[in-house]
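# Architecture and fold: a report
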Amino acid sequence: MEIINTTGRKREKYHVKIKYSPFWECALGIAAITNKPLLDSLERPQRYWHEIKQSLSVEVREHLDYVEENNTWKALLQLLHHRDFSTLPEFTTFIQQLSSTDFKCICLPFVGMEHQATRKRAASGDPASIHELKALTVDNMFFPAYITFICSAEVQALKTHLIAVMTGWYEKVIKPEIDQLTAILQTDYEAKARMKTKMDSEELVQWATGGIHYAPEPSVHNVLLIPHFIYRPWNIEADIEGTKVFYYPVANTSISPNDPYLPSNFLVLKHKALADEVRLRIVKLLFERNHSLQDITDKLGMGKSTIHHHLKLLRSAQLVEINDATYVLKRKAVESLAKELDLYFHQ
């Protein structure tokens, strides 16, 4: 059906940028290992994470415990977005040289250009602004507590913590595999850059993320795509000034570019997610209508923790999403499975 535009306004558009860096991989690895409820849904087995933690010094493990308690991985990501860093010493020097107010302001979550003044006042310790910033982020599961922590933290102690955990993880986990990791990230970056010339912005975001449809928003003029390996299969969304960020999982073909029989990681993930009786039951329930966690628990007669685990796997496969505390089946993702399989067979 043709749609006649009588609003007089052009549809919002955004421009896609693509970047990669081992330092984002470093910060996301720290985020992953300290998010214990999510570990069992990550591609790497629990054994991998346990062995990494055991290989770290006592000091670095203590810093990881502090990350888990206060979600300081968010501060690392916010700081990394402030400029393009070529070396770890450059990043640590940048942190050390920031004034207390600038440091806290960068660490605080971005909640929109119209609230930037509030964010800056909160960083300066203004109680009313801190309260307002927490109220603006009340729907986020950890932002209000994180805002309280950042605004009340002793600056030099927090800087020392961030530098120590970033350096410890980089030296032990990233540096030994830096050549292989950089090659994977660069390969994926180049693949997405090639497709950028063939797809419009929304198509590119959906293709790179394995199914996220991000429609243009007012005041968001850029989307930044950042490939990661450590947090597969999850996409992580974030907001910075004027930009929506998607840290997306690298494709299988970027890991093994010379294997013509290697399927897309999202194709594998979707089929794995559906290869379970409980998850198929959940998909059928959601096909009929949207349900809350309690609805699904009641209908299937299982514990909430069990159902939540299965829903987490369906979400990581981009088959299910949450909308206002209700689980929603992404019908197009399910319906496109046959087409994706056909594409794989004929590639």
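Computed from a predicted model, the values in this text were never measured in an experiment.

### Regarding unusual backbone geometry
- Omega for the bond connecting arginine 232 with proline 233 falls within 30 degrees of zero, at 10°, which places this linkage in the cis form.
- Notably, asparagine 71 is not glycine yet its phi reads approximately 55°, a positive angle.
- For asparagine 71, the location among the structural elements is in the loop between α4 (58–70) and α5 (73–80).
- For alanine 325, which is not a glycine, the phi torsion comes out positive at approximately 65°.
- Relative to the helices and strands, alanine 325 is located in the loop between β5 (320–323) and β6 (326–329).

### Considerations on the confidence of the model for the protein
- Overall, the prediction assigns the protein a mean pLDDT of 91, with 96% of residues at 70 or greater.
- Scored below 50 in pLDDT, residues 1–9 makes zero contacts in the model with residues more than four places away or belonging to other chains.

### A closer look at the pairing of β6
- As defined by bridge partners, β5 adjoins β6 across four bridges and the pair is classed as antiparallel. For valine 320, the partnering residue across the bridge sits in β6 and is leucine 329.
- Linking β5 back to β6 in an antiparallel pair, the connection comprises two residues, with aspartate 324 at a positive phi of about 55°.

### Notes on helix α12 (residues 178–196)
- With 19 residues, α12 extends 26 Å between its outermost C-alpha atoms, agreeing within 8% with the 27 Å of an ideal straight helix rising 1.5 Å per residue.
- By the burial criterion, the buried members of α12 are Leu181, Ile184, Leu185, Asp188, Ala191 and Lys192. End-on, the buried residues of α12 take up no more than an arc of 125°, which puts them together on one face. Projecting away from the buried face of α12 at angles above 90 degrees are the exposed residues Asp179 and Arg194.

### Focus: the side chain of histidine 161
- One can find histidine 161 in helix α11 (residues 155–174).
- Residues within four places of histidine 161 in sequence aside, it is in contact with His63, Tyr66, Val67 and Thr72.

### Considerations on the packing of aromatic side chains
- Under the definition given, this model contains 11 aromatic pairs.
- The interplanar angle of 55° and the centroid separation of 5.3 Å between the aromatic rings of phenylalanine 85 and phenylalanine 94 together place this pair among those described as tilted. In this structure, phenylalanine 85 and phenylalanine 94 share a single accessibility class: buried.
- Among the aromatic residues, ring-to-ring pairing joins Trp73, Phe142, Phe143 and Tyr146 into one connected group.
- Above the ring of tryptophan 207, the side-chain terminus of lysine 192 is found at 4.9 Å from the ring centroid.

Cut-off values and rules
Residues numbered from 1 in each chain as written. Predicted model: local features only at pLDDT ≥ 70, side-chain atom pairs only at ≥ 80, totals over all residues. Heavy atoms only, no water. Helix = DSSP H or I, 4+ residues; strand = E, 2+ residues; numbered from the N terminus. pLDDT = per-residue confidence, 0-100. Contact = heavy atoms within 4.5 Å. Pairing = 2+ DSSP bridges. Expected span 1.5 Å × (residues − 1). Buried < 20%, exposed > 50% of the residue type's maximum accessible area, 1.4 Å probe, protein only. Arc of directions from axis to C-beta. Phe/Tyr/Trp six-rings, centres within 6.5 Å; stacked < 30°, edge-to-face > 60°. Lys NZ or Arg CZ within 6 Å of the ring centre and 35° of its normal.

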